[in-house]
Amino acid sequence: MSCGEPHETDCSEILDHLYEFLDKEMPDSDCVKFEHHFEECSPCLEKYGLEQAVKKLVKRCCGQDDVPGDLRAKVMGRLDLIRSGQSVPEHDVTAAPSASQES
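Residues numbered from 1 in each chain as written. Predicted model: local features only at pLDDT ≥ 70, side-chain atom pairs only at ≥ 80, totals over all residues. Heavy atoms only, no water.

Per an unreviewed UniProt entry, the chain carries the name Mycothiol system anti-sigma-R factor and comes from Streptomyces lienomycini.

In structure tokens:
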């Protein structure tokens, strides 16, 4: 997505790191670049607003559920693979077979 206008920070870079910005997982200097970009790019601002709303909704609906440690570790491992550009298997070979696979 791009608004077609030139920016100091390209729209693709903003969208690639949007969740890092939302989760406050980036240096303040990068946050300033994002805020400046949102001031001048309404499509990216709209995407930011949408993702922020989804994040709040998930937190409100699911924020109190306890997540098993092994599930959290698997999800974080998958995210690390995705972020590093490695391929992610379609199914988890370590998962127990489902009832339909056992027959």
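A. Quick look at the UniProt feature "domain: Putative zinc-finger" (unreviewed entry) in the chain. Feature annotation in UniProt places "domain: Putative zinc-finger" (unreviewed entry) on residues 11–44, given in this structure's numbering. Note that residues 11–44 is 79% helix and 0% strand, and that its end C-alpha atoms are spaced 7 Å apart. (UniProt positions renumbered as here; feature names shortened; annotations may be inferred. Helix = DSSP H or I, 4+ residues; strand = E, 2+ residues; numbered from the N terminus.)

B. The arrangement of the nonpolar core in detail. Ranked by size, the top nonpolar core spans 12 residues in total: C11, I14, L18, F21, L22, M26, C31, F34, F38, C41, C44 and Y48. Breaking this core down by element, the ones donating at least two residues are α1 (11–16), α2 (18–22), α3 (28–40) and α4 (42–62). (Core = buried A, V, L, I, M, F, W, Y, C linked by side-chain atoms within 4.5 Å. Buried < 20%, exposed > 50% of the residue type's maximum accessible area, 1.4 Å probe, protein only.)

C. Up close: the packing of α3 against α4. One can describe the packing of α3 onto α4 by two numbers: an axis separation of 6 Å at closest approach and a directional angle of 115 degrees. Helix-helix and strand crossings are classified by hand; for α3 and α4 the assignment is left-handed. Seen from α3, the contacting residues are H37, F38 and E40; seen from α4, they are S42, C44, L45 and Y48. (Axes fitted to C-alpha atoms, helices over the stretch in contact; angles between N-to-C directions. Left-handed = near helix turned anticlockwise from the far one by under 90°. Contact = heavy atoms within 4.5 Å.)

D. Spatial organisation of unusual backbone geometry. One non-glycine residue with positive phi stands out, namely K24, at about 55 degrees. In this fold, K24 is placed in the loop between α2 and α3.

E. Molecular detail of the state of the cysteines. Under the criterion given, the structure shown has 0 disulfides. In this structure C44 is not part of a disulfide, and its nearest cysteine sulfur, from C41, lies 3.6 Å away. (Disulfide = S-S within 2.5 Å.)

F. Region of the structure containing a negative patch on the surface. Side chains of E8, D28, E35, E39 and E40 sit close together on the surface and give a patch of like negative charge. Among the secondary structure elements, D28 is positioned in helix α3. Owing to a relative accessible area of 65%, D28 belongs among the exposed residues under this scheme. (Patch = residues over 30% accessible without salt bridge, like charges linked within 9 Å, V, L, I, M, F, W, Y side chains within 5 Å. Areas by Shrake-Rupley, 256 points an atom, 1.4 Å probe, with all protein chains shown as cover. Salt bridge = Lys/Arg side-chain N within 4 Å of Asp/Glu carboxyl O. Lys, Arg positive; Asp, Glu negative; His and termini not counted. Charge placed at Lys NZ, Arg CZ, Asp CG, Glu CD.)

G. Representation of α3 in the model. Spanning 13 residues, α3 covers 19 Å between terminal C-alpha atoms, matching the ideal 18 Å at 1.5 Å per step. Within α3, the full set of buried residues consists of C31, F34, H37 and F38. Taken around the axis of α3, the buried residues stretch over an arc of 120 degrees, which confines them to a single face. Set apart from the buried face of α3 by more than 90 degrees, the exposed residues are D28, S29, V32 and E39. On its buried face, α3 is in contact with α1, α2 and α4. (Expected span 1.5 Å × (residues − 1). Arc of directions from axis to C-beta.)

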